[in-house]
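Structural characterization, general
Here's the letter readout for the chains.
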Amino acid sequence: MNTGTLYGVGIGPGDPKLLTLRAVELIRENEVIAVPGETACDAVAYKIAVQAVPELAAKELVALPMPMTKDKTVLEQNHDRAAERVEEFLKDGKNVVFLTLGDPTVYSTYLYVHKRVAAHGYPTEIVSGITSFCAVSARLDMGLVEKAQELHVIPASYQIEEALQMTGTKVLMKAGKKIGQVKEILKAQGQDAMMIENCGMENEKIYRCVDEIPENAGYYSLIIIKEKEA
């Protein structure tokens, strides 16, 4: 029996103009579009993509709840349910295009669904999108790494003190509600950092030093720490 394919499509960091041609093509050519969230039309990924592809509004939208929690049991249950929902369409021979912010390979909720669906024998494909840290670096009009510099991508909601001591450029993602703690650590270590909140979106805000970073910054905030020049 021919089944559908699950496409994990990165739509970039926020600016609808940064969707790739491949992302636009898949959205236009397929009828079933999955979006992480309780309500598809309210999801950030949907609101970004529909600006680039207005036809998206007429598609069959499938909302897949992905709660923001570290409770492993709750996460596993939601990931299982999301995979089961996707597979209902794949069994009928329908492709499913799963929209996800940034790139699907970087801290993406899509990957949890991808691995489950692939393990059940369905065809899958990951479609790259522009990563948030590349977009932030470009928006700040600077390079991310040069010559032999290292690049470290760090989830900021965990212990970061040791990670910040590494050489090269550090990218702090997913700070969430701990942004205040992250700011204090950066100040205590004397780190030079810049941050963009909601990069590429209408409510984008740029902070060019640690002191400017607000303690109530939103979830879509990304910090770049460049290595001090000798």
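Just above sits the structure.
In short, a report on the structure. (Residues numbered from 1 in each chain as written. Predicted model: local features only at pLDDT ≥ 70, side-chain atom pairs only at ≥ 80, totals over all residues. Heavy atoms only, no water.)

1. Some words on the overall build of the protein
This is how the line gets drawn: Working definition: helices are DSSP H or I runs of at least four residues, strands are E runs of at least two. Numbering for both runs from the N terminus. Throughout, the radius of gyration refers to the C-alpha atoms, and the reference size of a globule is 2.2 Å times the residue count to the power 0.38. Summary of the burial criterion: residues with accessible area below 20% of their type's maximum are buried, those above 50% are exposed, and those between are partly exposed, where the area comes from a 1.4 Å probe applied to protein chains only. In this analysis, two residues are considered to be in contact whenever any of their non-hydrogen atoms come within 4.5 Å of each other. Surface accessibility follows the Shrake-Rupley procedure with a 1.4 Å probe radius. Residue values consider only the protein chains on display as shielding. Positive charges are assigned to Lys and Arg, negative charges to Asp and Glu, while His and the chain termini are left out of the count. Where a charge sits is defined by one atom per residue type, namely NZ (Lys), CZ (Arg), CG (Asp) or CD (Glu).
Helices and strands together make up the secondary structure of the protein, namely six helices and ten strands. Computed over its C-alpha atoms, the radius of gyration of the protein comes to 19 Å, within 12% of the 17 Å expected for a compact globule of 230 residues. Taken across its 230 residues, the protein has 47% of its residues classed as buried. For the protein, contacts bridging at least 24 residues in sequence account for 68% of all contacts bridging at least 6. Summed over all atoms, the accessible surface of the protein reaches about 11,900 Å², with 49% contributed by carbon and sulfur. Distance between charge centroids for the protein: 2 Å, based on 25 positive and 32 negative side chains.

2. A few points about the sheet that holds strand E3 (residues 60-64)
Strands in a sheet are paired, the pairing made by backbone hydrogen bonds, and the direction either parallel or antiparallel. Worth spelling out the cut-off: Any two strands are treated as partners once DSSP identifies two or more bridges connecting them. Axis definition: a line fit to C-alpha positions, over the contact stretch in the case of helices; interaxial angles, taken between N-to-C directions, run 0 to 180 degrees.
The strand order across the open sheet formed by five strands is E3-E2-E4-E1-E5, and the pairing between neighbours is parallel. Looking at which strands have only one partner, the edges of the open sheet turn out to be E3 and strand E5 (124-127). Taking the axes of each pair of neighbouring strands and ignoring which way they run, one obtains an average angle of 25 degrees across the sheet. Where strand E1 (residues 6-10) meets strand E4 (residues 96-100), five bridges bridge the pair, whose relative direction is parallel. Residue pairing across strands places Val9 opposite Leu99, the latter belonging to E4. Lying on the sheet, helix H3 (residues 72-91) is in contact with E1, strand E2 (32-36), E3 and E4; it crosses E3 at an angle near 155 degrees.

3. As for the nonpolar core
Here is the rule we go by: Residues enter a nonpolar core if they are buried and are Ala, Val, Leu, Ile, Met, Phe, Trp, Tyr or Cys, with the set joined through side-chain atoms within 4.5 Å.
Counting 22 residues, the largest nonpolar core has Val9, Ile11, Leu19, Ile27, Val35, Val97 and Leu99 as its most contacted members. Mapped by element, the contributors of at least two residues to this core are E1, helix H1 (21-29), E2, helix H2 (44-52) and E4. Within the second largest apolar cluster, 19 residues are counted, among which are Ala175, Val182, Val210 and Ile223.

4. Description of the sheet that holds strand E8 (residues 193-197)
One open sheet accounts for five strands, arranged E6-E7-E10-E8-E9; its pairing is mixed. Of all the strands in the sheet, the pair left with one neighbour each is strand E6 (151-155) and strand E9 (205-207). Strand after strand, the sheet turns through a mean of 15 degrees between neighbouring axes, direction not considered. Here E6 runs beside strand E7 (residues 169-173); their pairing, made up of five bridges, is parallel. Paired with Leu151 across the strands is Thr169, a residue of E7.

5. Re the pattern of salt bridges
This is how it is decided: Put simply, a salt bridge is a Lys or Arg side-chain nitrogen that is within 4 Å of an Asp or Glu carboxyl oxygen.
Scanning the model with the defined rule gives nine salt bridges in all. Here Glu88 ties to Arg85 by a salt bridge, and the two come within 2.8 Å at their closest N and O atoms. You can see Glu88 and its partner Arg85 sitting in helix H3, three residues apart, about one turn around the helix. For Glu88, a relative accessible area of 43% corresponds to the partly exposed category.

6. Some remarks on the environment of Arg81
Mapped onto the secondary structure, Arg81 falls in helix H3. Note: C-alpha distance between Arg81 and Ile11 (70 residues apart in sequence) is 23 Å.

7. Thoughts on the packing of H3 against helix H4 (residues 110-119)
We count it as follows: Relative orientations are named as follows: roughly parallel for angles under 35 degrees, roughly antiparallel for angles over 145 degrees, roughly perpendicular for angles from 65 to 115 degrees, and oblique for any other angle. Throughout, a crossing is termed right-handed when the near helix is turned clockwise from the far one, and left-handed when it is turned anticlockwise from it by less than a right angle. Residues are grouped as follows: Ala, Val, Leu, Ile, Met, Phe, Trp, Tyr, Cys and Pro are nonpolar; Asp, Glu, Lys and Arg are charged; all remaining types, including Gly, are polar.
Where H3 meets H4, the closest approach of the two axes is 9 Å, and the angle between their N-to-C directions is 55 degrees. Our classification of the angle between H3 and H4 gives oblique. For the pair H3 and H4, the sense of crossing is right-handed. Here Glu76, His79, Asp80, Ala82, Ala83, Val86, Glu87 and Leu90 of H3 lie close against H4, whose contacting residues are Tyr112, Val113, Arg116 and Val117. Tallied by class, residues from the contact of H3 with H4 come to seven nonpolar, one polar and four charged.

8. Digging into the packing of aromatic side chains
As a reminder, the rule being used: Ring geometry is summarised as follows: Phe, Tyr and Trp rings, the Trp one being its six-membered ring, pair when their centres sit within 6.5 Å, and such pairs are stacked at plane angles under 30 degrees, edge-to-face over 60 and tilted between the two.
Counted by the stated rule, this structure contains two aromatic pairs. Here Tyr219 and Tyr220 contribute two aromatic rings whose centre-to-centre distance is 5.2 Å and whose plane-to-plane angle is 80 degrees, an arrangement assigned as edge-to-face. Judged by its relative accessible area of 35%, Tyr219 is partly exposed.

9. A closer look at H4
Turning to H4, its buried residues are Tyr110, Val113, His114, Arg116 and Val117. Turning to H4, the residues buried within the fold contact E1, H3, E4 and E5. Once H4 finishes, Gly121 follows within two positions and takes phi at roughly 95 degrees, a positive value.

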